[in-house]
Amino acid sequence: MTEQTLYAAAGGAEGMVRLAHAWHARALADEVVAHAFSHGYRPDHSERLAAYLGEGLGGPPVYSTTMASQSAVVRLHSGNGEHDEMDRRATATFAQALDDVGISDPRLRQAILDYWCDGIRRMSAHPDSPASVPDGLTVPRWGWDGPQT
């Protein structure tokens with residue numbers, strides 16, 4: 001029997017939307033993380049984040065087939081210099097968002113947090129310029145035991 005995906009265990013599309021909205025609210029309320037949104041953001045940011053998280057956690061490829069490529073999303077987050085404090089706070093607010101939506105199973109929670117931290121690392125890998133982000137990146141897929149190939 002195949003183990004369900006992280007996406008399914010976290011509530012599928014609806015679970016991803018709840019999680020993305022919870023994180024976005026927490027991010028905007030955090031004085032350090034909110035800086036990332038100070039120049040504006042898309043009104044559908046939470047829905048796009050939900051699609052991205054969902055795809056990465058084993059759901060359908062909605063983000064990469066209808067919204068943007070991994071290269072585009074990494075470029076969007078690149079060229080902003082080093083921001084270790086913001087990254088730490090973004091992770092803390094994400095952990096709080098997991099609490100907000102009731103994701104309390106320790107194994108599920110840790111796997112989703114590990115995916116988030118890997119994403120933070122990927123989004124922070126090009127602090128000097130978006131031009132250094134290669135073409136052809138794909139949305140990383142994550143399972144119960146980490147990265148999927």
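Residues numbered from 1 in each chain as written. Predicted model: local features only at pLDDT ≥ 70, side-chain atom pairs only at ≥ 80, totals over all residues. Heavy atoms only, no water.

Asker: Go over the packing of helix α3 (residues 45-56) against helix α7 (residues 106-123), please, and point to the residues and values.
Answerer: Two elements in contact, α3 and α7, have axes whose closest approach is 11 Å; the angle formed by their N-to-C orientations is 115°. One finds that α3 runs roughly perpendicular with respect to α7. Crossing geometry of α3 relative to α7 is assigned as right-handed. On the side of α3, the interface is formed by Leu49, Tyr52, Leu53 and Gly56, while α7 contributes Tyr115, Trp116 and Met123. In terms of residue class, the contact of α3 with α7 is made up of six nonpolar, one polar and no charged. (Axes fitted to C-alpha atoms, helices over the stretch in contact; angles between N-to-C directions. Helix = DSSP H or I, 4+ residues; strand = E, 2+ residues; numbered from the N terminus. Parallel < 35°, antiparallel > 145°, perpendicular 65-115°, else oblique. Left-handed = near helix turned anticlockwise from the far one by under 90°. Contact = heavy atoms within 4.5 Å. Nonpolar A, V, L, I, M, F, W, Y, C, P; charged D, E, K, R; others polar.)

Asker: Residue-level account of the side chain of aspartate 30, with values.
Answerer: For aspartate 30, the location among the structural elements is in the loop between α2 (12-29) and α3. Judged by relative accessible area, which is 12%, aspartate 30 ranks as buried. In this structure the side chain of aspartate 30 is engaged in a polar contact, spanning 2.9 Å, whose partner is the backbone nitrogen of valine 32. Not counting residues up to four positions away in its chain, the partners in contact with aspartate 30 are Arg89 and Thr93. (Buried < 20%, exposed > 50% of the residue type's maximum accessible area, 1.4 Å probe, protein only. Polar contact = N/O pair within 3.5 Å; in protein donor to acceptor, adjacent residues only side chain to side chain.)

Asker: Pulling in residues and values, what's your account of the packing of aromatic side chains?
Answerer: Applying the stated criterion to the full structure yields six aromatic pairs. Taken together, a centroid distance of 5.4 Å and an interplanar angle of 85° make the contact between phenylalanine 37 and tyrosine 41 edge-to-face. Taking the relative accessible area as the measure of exposure, phenylalanine 37 reaches 12% and is therefore buried. Members of the aromatic cluster, connected to one another through ring pairs, are Trp23, Phe37, Tyr41, Phe94 and Trp116. (Phe/Tyr/Trp six-rings, centres within 6.5 Å; stacked < 30°, edge-to-face > 60°.)

Asker: Any details on the packing of α2 against α3? Residues and values, ideally.
Answerer: It is at 8 Å that the axes of α2 and α3 come closest, and there the two elements cross at 125°. Between α2 and α3, the angle is such that the two are oblique. Seen from above, α2 lies across α3 with right-handed handedness. Contact residues: Met16, Val17, Leu19, Ala20, His21, Trp23 and His24 in α2; His45, Ser46, Glu47, Leu49, Ala50, Leu53 and Gly54 in α3. Its residues placed into classes, the contact of α2 with α3 shows eight nonpolar, five polar and one charged.

Asker: Got a sec to walk through the side chain of glutamate 55? Specific residues and values, please.
Answerer: When you line up the elements, glutamate 55 lands in helix α3. At 4.6 Å, arginine 141 is the nearest oppositely charged side chain to glutamate 55, a buried residue that forms no salt bridge. Residues within four places of glutamate 55 in sequence aside, it is in contact with Pro60, Pro61, Val62, Tyr63, Ser64, Val139 and Arg141. (Lys, Arg positive; Asp, Glu negative; His and termini not counted. Salt bridge = Lys/Arg side-chain N within 4 Å of Asp/Glu carboxyl O.)

Asker: Give a detailed account of the nonpolar core, specifying residues and quantitative values.
Answerer: A general trend in soluble globular proteins is that nonpolar side chains are found buried together. Judged by nonpolar contacts, the single largest core of 39 residues is most densely connected at Trp23, Leu53, Leu57, Phe94, Ile112 and Trp116. Among the secondary structure elements, those contributing two or more residues to this core are α1 (6-9), α2, α3, α5 (70-76), α6 (84-100) and α7. The leading source of residues in this core is α7, at eight residues. If near-sequence neighbours (up to four positions away) are discounted, isoleucine 112 is found in contact with Ala10, Leu19, Leu57, Phe94, Leu98 and Ile103. (Core = buried A, V, L, I, M, F, W, Y, C linked by side-chain atoms within 4.5 Å.)

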